[in-house]
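Each chain, written out:
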Amino acid sequence: QRLDAGMVDPLTEPKLKLQLVRFGGELFSLCNRRLYALKTHAGNSGQTVMASARIYQMDTVTAKFLLAHTTKNGGTSVQVGGTCRGQPEELDGDLSDHFDEEEEDG
């Protein structure tokens, strides 16, 4: 409602800054409530709405871990079934070389 009344500027309001993850060439929001509010405002106003965003990069090793992390017992036991595909390269030395820096877009 405050967006539609012009009381809040989506470009400068910190509470509306989107947090996005770039994965597979696409951007995904980490907070769907903010995204929903902005999309609803765009529909109500009939205009394109600009907003600020912080974009995080998702590397393939982290993505594989998140998809495979299905433990229900904290990893205290393991059950094997199926095959392991797309094994990541071995990580040697400084692990920071394997992770992308976060970037900020306005």
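Residues numbered from 1 in each chain as written. Predicted model: local features only at pLDDT ≥ 70, side-chain atom pairs only at ≥ 80, totals over all residues. Heavy atoms only, no water.

Engineer: Before we move on, can you summarise the overall build of the protein chain with the specific residues and values?
Structural biologist: Looking only at helices and strands, the protein chain has 2 helices and 4 strands in total. Reading the secondary structure of the protein chain in the N-to-C direction produces β-β-α-β-α-β. Buried positions account for 14% of the 106 residues belonging to the protein chain. Summed over all atoms, the accessible surface of the protein chain reaches about 8700 Å², with 51% contributed by carbon and sulfur. (Helix = DSSP H or I, 4+ residues; strand = E, 2+ residues; numbered from the N terminus. Buried < 20%, exposed > 50% of the residue type's maximum accessible area, 1.4 Å probe, protein only. Areas by Shrake-Rupley, 256 points an atom, 1.4 Å probe, with all protein chains shown as cover.)

Engineer: For the pairing of strand β2 (residues 26-29), give the residues involved together with the corresponding values.
Structural biologist: With 4 bridges connecting them, strand β1 (residues 18-23) and β2 associate as antiparallel partners. Across the sheet, residue Leu 20 finds its bridge partner in β2, namely Ser 29. With antiparallel pairing between neighbouring strands as the criterion, β1 and β2 make up a hairpin whose turn holds 2 residues, including Gly 24 at a positive phi of roughly 60 degrees. (Pairing = 2+ DSSP bridges.)

Engineer: Can you tell me about the nonpolar core, naming the residues and giving the values?
Structural biologist: Leu 3, Val 8, Leu 16, Leu 18, Leu 20, Leu 38, Ala 53 and Ile 55 form the largest nonpolar core, which has 8 residues in total. Listing elements by their share of this core, those giving two or more residues are β1 and β3 (53-57). (Core = buried A, V, L, I, M, F, W, Y, C linked by side-chain atoms within 4.5 Å.)

Engineer: Give me the side chain of His 41: which residues, what numbers.
Structural biologist: For His 41, the position within the fold is in helix α1 (residues 32-45). His 41 has contacts with Leu 3, Asp 4 and Val 49, leaving out every residue within four places of it along the chain. (Contact = heavy atoms within 4.5 Å.)

Engineer: With reference to specific residues and values, describe the side chain of Ser 29.
Structural biologist: Mapped onto the elements, Ser 29 comes out in strand β2. The buried category is assigned to Ser 29, whose relative accessible area is 19%. In this structure the side chain of Ser 29 is engaged in a polar contact, spanning 3.0 Å, whose partner is the backbone oxygen of Cys 31. Apart from residues lying up to four places away in sequence, Ser 29 is in contact with Leu 18, Gln 19, Leu 20 and Leu 35. (Polar contact = N/O pair within 3.5 Å; in protein donor to acceptor, adjacent residues only side chain to side chain.)

Engineer: Can you explain the confidence of the model for the protein chain? Please cite residues and give values.
Structural biologist: Of the residues in the protein chain, 75% have a pLDDT of 70 or more, and the chain-wide mean is 79. Within the model, the stretch residues 89-106 combines pLDDT values under 50 with 25 contacts to residues more than four positions away or in other chains. (pLDDT = per-residue confidence, 0-100.)

Engineer: Let's hear about the environment of Thr 71: which residues, and what values?
Structural biologist: Along the polypeptide, Thr 71 turns up in the loop between α2 (60-68) and β4 (103-105). A distance of 3.2 Å separates a polar atom in the side chain of Thr 71 from the backbone nitrogen of Asn 73.

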